[in-house]
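# Structural overview for review
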Amino acid sequence: MKLYGSQTSPYVRRIRLLLASTPHEFVNLNIFAGADRETLAAINPALRIPMLQDGDRTIFDSAVIYRYLAAKLGLAALSWYQENQLTVINAVNDSLVMLLQCNRSGFNTNDDKLFFNLQRERVATSLFVLEQQAANGEFANWDYVAMALYSLVDWTLFRELMELDDYPALLAFTNSNRQQAMINETDPRLG
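Attention here is on the structure that accompanies the text. Everything numeric here is computed off the predicted structure, so don't read it as measured data. Here the residue numbering is sequential within each chain, running from 1 through the sequence in written order. Residues qualify for local features only when their pLDDT is at least 70, as the model is predicted, and side-chain atom pairs are given and counted only at 80 or more; totals for whole chains, interfaces and linings, by contrast, use all residues. With hydrogens and water set aside, each side-chain value is computed from the structure's full complement of heavy atoms.

What follows covers the pairing of strand β2 (residues 25-28). A regular strand places its side chains so that they alternate between the two faces of the sheet. Strand pairing is assigned whenever DSSP identifies at least 2 bridges connecting the two strands. Going along the chain from the N terminus, every DSSP run of H or I of four or more residues is numbered as a helix, and every run of E of two or more is numbered as a strand. Bridge count between strand β1 (residues 2-5) and β2: 4 bridges; the pairing is parallel. Residue pairing in the sheet places Gly5 in a bridge with Asn28 of β2. Viewed with both strands pointing away, a crossover whose connecting path from the first strand over the helix to the second turns clockwise is right-handed. Assessed by its sense of winding, the connection that carries the chain from β1 through helix α1 (residues 10-18) to β2 is right-handed.

What follows is the structure in structure tokens.
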């Protein structure tokens, strides 16, 4: 198996953490320029990472890759509750990625504009729910949802997108999982 992505992507990281004990090749791409951008476009018309190649099969999107790997590796399917947790994690991730891209494009994302306001609102409401779930110990098992949450929180800290002091349970969850397999190798700070 070959996983395409970037060292800094939280969506790629969650799949790399999932594959910690499964032989695979990781292809680190600079998805915004040059030959790596061409590779991305040649494999995935959606121009998104991660992408997984397994023999003659190519799978797009971290959620679809998880379902594929769960079936292939005999992992448990996500419950509907876990699917909802993952949706909330993805909402924060997606909104923060959009705000980061807007910042890098020269927009002031602190402006009182509908798009920016909606992203900030989604982040705040979603993080509140995730904080409560973390405080309740709902991410105590190191499973795919916990890996996705870890990737989100650590990426948010890495990008310095927001202060997380108001989310002590999420910070405690992240600190308690720093010893998990592949955490150091997948650190976005290495990218």
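Time to look at the pattern of salt bridges. Throughout this description, the term salt bridge denotes a Lys or Arg side-chain nitrogen within 4 Å of a carboxyl oxygen of Asp or Glu. Per the stated rule, a full pass over the model turns up 6 salt bridges. Note that Arg189 and Asp154 form a salt bridge whose closest N and O atoms lie 3.0 Å from each other. Here Arg189, found in the segment after α7 (168-176), pairs with Asp154, found in helix α6 (residues 144-159); they are 35 residues apart in sequence, far enough to count as distant. Whether a residue is buried, partly exposed or exposed follows from its accessible area with a 1.4 Å probe, protein chains only, as a fraction of its type maximum: under 20%, in between, or over 50%, in that order. Classification of Asp154 as buried rests on a relative accessible area of 1%. Taking the shortest distance from any N to any O, the salt bridge between Arg189 and Asp187 comes out at 2.8 Å. Judged by relative accessible area, Asp187 falls into the buried class, the value being 19%. In the salt-bridge network here, residues are joined through shared partners; they are Arg13, Asp154, Arg178, Asp187 and Arg189.

This next bit is on the nonpolar core. Core analysis: the biggest nonpolar cluster contains 49 residues, and Leu69, Leu127, Leu130, Phe139, Leu149 and Leu170 have the highest contact counts within it. A total of 10 residues in this core trace back to one element, the largest contributor, which is α6. With residues near it in sequence (within four places) discarded, Leu69 still touches Met1, Ile15, Leu18, Leu19, Leu52, Gly74 and Leu75. The nonpolar core is taken to be a set of buried Ala, Val, Leu, Ile, Met, Phe, Trp, Tyr and Cys residues, with the residues joined through side-chain atoms within 4.5 Å. By definition in these notes, contact holds between two residues if any of their heavy atoms fall within 4.5 Å.

Moving on, we get to the packing of α6 against α7. Note on geometry: axes are lines fitted to C-alpha atoms, helical ones only across the stretch in contact, with angles between N-to-C directions running from 0 to 180 degrees. It is the contact of α6 with α7, at a shortest axis distance of 10 Å, that shows an interaxial angle of 105°. Taken together, the axes of α6 and α7 are roughly perpendicular relative to one another. The segment α6 lies against α7, with Ala146, Leu149, Tyr150, Val153 and Leu157 engaging Leu170, Leu171, Phe173 and Thr174. Oblique is the label for every angle not falling under 35 degrees (roughly parallel), over 145 degrees (roughly antiparallel), or within 65 to 115 degrees (roughly perpendicular).

With that settled, the discussion passes to α6. Here α6 is 16 residues long and its end C-alpha atoms lie 22 Å apart, about the 22 Å a rise of 1.5 Å per residue gives. Of all 16 residues that make up α6, 13 are buried, and the element is covered over most of its length. A positive phi of about 55° marks Glu160, the residue just after α6. In a helix, the anticipated span is given by 1.5 Å times the number of residues less one.

Below, the discussion takes up the packing of aromatic side chains. Given two aromatic rings, one states the distance between the centres and the angle between the planes to describe the pair. Here the aromatic set is Phe, Tyr and Trp, taking the six-membered ring for Trp, and pairing holds for ring centres within 6.5 Å; pairs whose planes are under 30 degrees apart are stacked, those over 60 apart are edge-to-face, and all others are tilted. Enumeration according to the criterion identifies 4 aromatic pairs in this entry. Ring geometry for Phe115 versus Phe116: centroids 5.9 Å apart, planes at 70°, classification edge-to-face. Residue classification places Phe116 among the buried residues on the basis of a relative accessible area of 7%.

Turning to the sheet that holds β2, a few remarks are in order. The strand order across the open sheet formed by 4 strands is β2-β1-β3-β4, and the pairing between neighbours is mixed. The sheet terminates laterally at β2 and β4 (57-60), the two strands that pair on one side only. For this sheet, the mean angle separating the axes of adjacent strands, direction not counted, is 20°. Its contacts with the sheet put helix α3 (residues 62-73) on β3 (51-54) and β4, and the angle it makes with β4 is roughly 130°.

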